[in-house]
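Observations on chain architecture
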Amino acid sequence: MTSRLYRAMQADGLSPLAYFFARFLADKYQRDEDGTLALSAALVSERNQQGDVCVDLRRHAGTALFNSDTGQSQEVPRAPELTQWLHELATDAAVGRPGEFAPLILDDERLYLHRLWQFEQQLLTSVQARLESPPVLDETRLASGLTRLFPASGNDLDWQKLASALAVSQRFAVISGGPGTGKTTTVVKVLALLLEQCPDMHIRLAAPTGKAAARMVDAIRQRKAGIDVADELRARIPDQATTLHRLLGFNGRHFSHHRRNPLVLDCLVVDEASMIDLPMMARLLTALPDNARIILLGDRDQLASVEAGNVLGDITGHGQPICYSTAQGQFLATLTGTPMAALPVSDTTPPIADAIGLLRTSYRFDAGSGIGQLARRVNEGEGEAALSLLRDDPSAQLIWHENNEKTISSDALAWAVTQYVTYLHCDEIGAALDAFEQIRVLCALRSGPFGVDEVNRIIAERLRARGLIEAGEEYHGKPVMVTVNDYEVALYNGDIGLLWRNARGELRAWFRTADGQLRDIPLHSLPEHVPAWGLTVHKSQGSEFERVLLVLPSETVNPLLNRELIYTGITRARRQLHISASAPTLLQGCRERVRRSSGLAQKLVWCNV
């Protein structure tokens, strides 16, 4: 007779990877395939694939697992009650305690795959070590630099100034803020302040993707030209960035930089930190020299990484208020001239909060901005208020294509197709790439009637009907997104370009490099790729567009539909946002939040997580 786990896999309630991992452990340790070890192993593997770092046993204890389509409740595996579950795991040879070597690790009431427990511990240890060893500062020089770079303007708190003071005075720091809050402006001034402290400081810039690295470079080059520093120091501010994989020397199988061969740098600045999963963040911090600084930039309210973990969310308390210790408040008040009474200070704040600069003023979206107001309402879970704004937006930045059908709004797609016509009329590739980057369709899903695959099919079909693109698989004007990392041609998952004929009529694949230069390769060298008129919201992270169409599915019960996804999609738009969605979908999405199981936030002493 087949096991319940096997039947759960057959009913698509359990992935094959999770099932065969559970069976492997059951065979290795001579356990019943329907026993507690196998069930626990399957659950850990399954939840890891869904983005969890570990399984919170209390949350699952006594519940039915692996939603089965068999319709027979007695065949659905159930988790033991918590006390029994903890006892059985604690006495099983396949399960170790923290620090032991075993396939599974039981840490309090959380069960981990060994490698993920190890990554979490490495990250925690590295962060805590940097928090406990602040750098030596010339505080007089720093206070003078802060006054010069952030001249007083009104009575409002200067959050950028506070974040800069905090970042310069720590070996580990986070600067978090929504779109237009000035993260890049702030970090350019931070770099200037660091170089005033130590002119020979070796600073590197990095981001998770090539696109994010290119945007980082462009923004820093623009901002550093306008800050009040000596020209010699300005020239030292770095304006070259790389991807994290390239920084760590990944060759497709191994990373060349790690604890035993650390990076050669004094300070690392990483943009779009919300995109970084737990394994990568752990590898990154363990590859730093012990005395090096690291500054993470990102929006803590955005979507978590595609792979396991929500590291930036864990570090910053998942939306909890950021308050400083009394000592940190006094330090910041002295450096910045801010009245102590005006600073958010608490006696119960965790130590990690002293390393977090939260930017709270948007300079892109003013009080009258429809996009900014919608982002705030969605982020705060105010679905009804978001709907009201969509129905009547005085700024005219928002256009709602209310759609209760089983397909994407035809009007919304017609608008998108019209927008894409512009780049196809360009004469040269540089202008075409620039025009293409002004518009994007973003979808919550990859497949199905509301997914990226369908959007790309329809747009290609309509452009072809207008005679703007050719028939066939590859053609002039086709936008492409690389879907794998190819280290030989130096193109990486998420890189976007255009197929375009050169002056000799040869169809080539064209991309912009991180420093803004054009690069073309023959089609036979182009790695695996897909059309890119439409992207998933996940793939759009690290990018911004003048105009965006956000497509949400019609079904209200979908694990991918949540507040963070909608907020991330909204904030990719700078000037105009179209949304194709039904009212129930939007309301449900605003209610749901991403909840990934992890021990990191609790170990960093965040409460209520």
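Quantities reported herein were computed from a predicted structural model and do not represent experimental measurements.

Here is what the cut-offs are and how they apply
Along each chain, the written sequence defines residue order, and numbers are assigned to residues from 1. Owing to the predicted nature of the model, reporting of local features is limited to residues with pLDDT of at least 70; listing and counting of side-chain atom pairs is limited to 80 or more, with chain, interface and lining totals taken over all residues. Side-chain calculation: all heavy atoms of the structure are included, whereas hydrogens and water are not. Here a helix means four or more residues in a row that DSSP labels H or I, a strand means two or more in a row labelled E, and each is numbered from the N terminus. Exposure is judged per residue with a 1.4 Å probe applied to protein chains only, and the accessible area is read against the type maximum: over 50% gives exposed, under 20% gives buried, and values in between give partly exposed. Residues adjacent in sequence count toward polar contacts only when both atoms are side-chain atoms; beyond that, a polar contact is any pair of N or O atoms within 3.5 Å, and within protein one must be able to donate a hydrogen and the other to accept it. Residues are treated as being in contact if the distance between any of their heavy atoms lies within 4.5 Å. Between any two strands, at least two bridges found by DSSP are needed for them to pair. Between N-to-C directions, angles span 0 to 180 degrees; the directions come from axes that are lines fitted to C-alpha atoms, helices contributing only their stretch in contact. Helix span is expected to be 1.5 Å times the residue number reduced by one. The arc refers to the directions leading from the helix axis to the C-beta atoms. We count a salt bridge whenever a side-chain nitrogen from Lys or Arg sits within 4 Å of a carboxyl oxygen from Asp or Glu. Note on aromatic contacts: the rings of Phe and Tyr and the six-membered ring of Trp form a pair at centre separations within 6.5 Å, being stacked when their planes are under 30 degrees apart, edge-to-face when over 60 apart, and tilted otherwise. Two conditions define a charge sitting above a ring: the NZ of Lys or the CZ of Arg must be within 6 Å of the ring centre, and it must be within 35 degrees of the ring normal. Domain segmentation is taken from an automatic or database assignment of domains. Defined here as a combined quantity, buried area equals the accessible surface (1.4 Å probe) lost by two parts on assembly, summed across both. Note that Gly is not counted as nonpolar here; it falls among the polar residues with everything else outside the nonpolar set of Ala, Val, Leu, Ile, Met, Phe, Trp, Tyr, Cys and Pro and the charged set of Asp, Glu, Lys and Arg. Definition of nonpolar core: a set of buried residues of the types Ala, Val, Leu, Ile, Met, Phe, Trp, Tyr and Cys, connected through side-chain atoms within 4.5 Å.

Thoughts on the side chain of Gln 541
The residue Gln 541 is located in the loop between helix H21 (537-540) and strand S19 (545-551) in this model. Given a relative accessible area of 4%, Gln 541 falls into the buried group. Engagement of the side chain of Gln 541 in a polar contact is seen with the side chain of Gln 302, the distance being 3.1 Å. Filtering out sequence-adjacent residues up to four positions away, Gln 541 remains in contact with Ser 274, Met 275, Gln 302, Leu 303, Ala 304 and Thr 568.

What to know about the sheet that holds strand S9 (residues 293-298)
Strands sit in the order S7-S6-S8-S9-S5-S10 across an open sheet of six strands; the sheet is parallel. The sheet is open, and its two borders are formed by strand S7 (241-243) and strand S10 (356-359), each paired with just one other strand. Averaged over all neighbouring strand pairs, the angle between strand axes comes to 20 degrees, with direction disregarded. Across four bridges, strand S5 (residues 172-177) lies against S10 in parallel orientation. Looking at the pairing, Ser 176 lines up with Leu 358 of S10.

A few points about helix H2 (residues 16-28)
One turn of the α-helix equals 3.6 residues, which is why residues spaced by three or four share an orientation. With 13 residues, H2 should reach 18 Å at 1.5 Å per residue; the first-to-last C-alpha distance of 18 Å fits that figure. Of the positions making up H2, those classed as buried are Ala 18, Tyr 19, Ala 22, Leu 25 and Ala 26. Looking down the long axis of H2, one finds its buried residues gathered within 135 degrees of arc, a one-sided arrangement. Of the exposed residues in H2, those oriented more than 90 degrees away from the buried face are Leu 17, Asp 27 and Lys 28.

Some words on helix H20 (residues 452-465)
Compared with an ideal rise of 1.5 Å per residue, which puts 14 residues at 20 Å, H20 spans 20 Å between its outermost C-alpha atoms and is within 8% of the ideal. Residues Val 452, Val 455, Asn 456, Ile 458, Ile 459, Ala 460 and Leu 463 constitute the buried set of H20. Looking at the buried residues of H20, the elements they touch are helix H18 (410-424), strand S12 (439-443), strand S17 (529-531) and strand S18 (534-536). Phi for Gly 467, located one or two positions after H20, is positive at around 75 degrees.

Re the pattern of salt bridges
Any two side chains of opposite charge can pair, on the condition that their charged atoms come close. On inspection of all chains with the given rule, the structure shows 27 salt bridges. The salt bridge partner of Glu 437 is Arg 440, with a shortest N-O separation of 2.9 Å. Residue classification places Glu 437 among the buried positions, given a relative accessible area of 17%.

Considering the sheet that holds S12
Read from one edge of the open sheet, five strands run S11-S20-S19-S12-S18, paired in parallel fashion. Each having just a single partner strand, strand S11 (398-402) and S18 make up the two edges of the open sheet. Within this sheet the neighbouring strands show an average axis-to-axis angle of 25 degrees, counted without direction. Pairing of S11 with strand S20 (residues 573-581) involves five bridges; the strand directions are parallel. Note that in S20 the partner of Leu 398 across the bridge is Leu 577.

Remarks on the packing of aromatic side chains
Taken as a whole and judged by the stated rule, the model has six aromatic pairs. Measuring from centroid to centroid gives 4.9 Å for Tyr 19 and Phe 20, while their planes differ by 75 degrees, and the two rings are edge-to-face. Phe 20 gets classed as partly exposed once you look at its relative accessible area, which sits at 42%. Arranged with centres 5.6 Å apart and planes meeting at 25 degrees, the rings of Tyr 420 and Phe 436 form a pair that is stacked. Highlighted residues: Tyr 420 in helix H18 and Phe 436 in helix H19 (residues 429-436), separated in sequence by 16 residues. There is no split in this pair, since Tyr 420 and Phe 436 are both buried. Site record: aromatic cluster; members linked through ring pairs are Tyr 6, Tyr 19 and Phe 20. The ring of Tyr 29 carries Lys 28 above its face, with NZ or CZ at 5.8 Å from the centroid. Taking NZ or CZ as reference, Lys 189 lies 4.4 Å from the ring centre of Phe 150, over its face.

Considering the domain arrangement of the protein
Domain boundaries assigned for the protein yield domain 1 (4-108), domain 2 (138-364) and domain 3 (370-477 + 528-591). Between the C-alpha centres of domain 2 and domain 3 there is a distance of 31 Å. In total, domain 2 and domain 3 occlude about 1400 Å² of area from one another, counting both sides; carbon and sulfur atoms represent 48% of this. The three residues of domain 2 that bury the most area against domain 3 are Asp 301, Gln 302 and Leu 303, which together make up 42% of that side's buried surface. For the pair domain 2 and domain 3, the interface holds one salt bridge. In this structure, Glu 544 engages Arg 215 in a salt bridge whose closest nitrogen and oxygen atoms are separated by 3.3 Å. Joining domain 2 to domain 3, the criterion identifies six residue pairs in polar contact (both at pLDDT 80 or more). In terms of residue class, the side of domain 2 that touches domain 3 is made up of six nonpolar, three polar and six charged.

Some details on the nonpolar core
One finds Phe 172, Val 269 and Leu 284 to be the most contacted residues of the largest nonpolar core, which totals 127 residues. Of all the elements, helix H9 (residues 183-197) adds the most residues to this core, at eight residues. Residue contributions to this core reach at least three from each of two domains, namely domain 1 (4-108) and domain 2 (138-364). One finds Leu 442, Ala 444, Met 481 and Ala 581 within the second-largest nonpolar core, a separate group that totals 36 residues.

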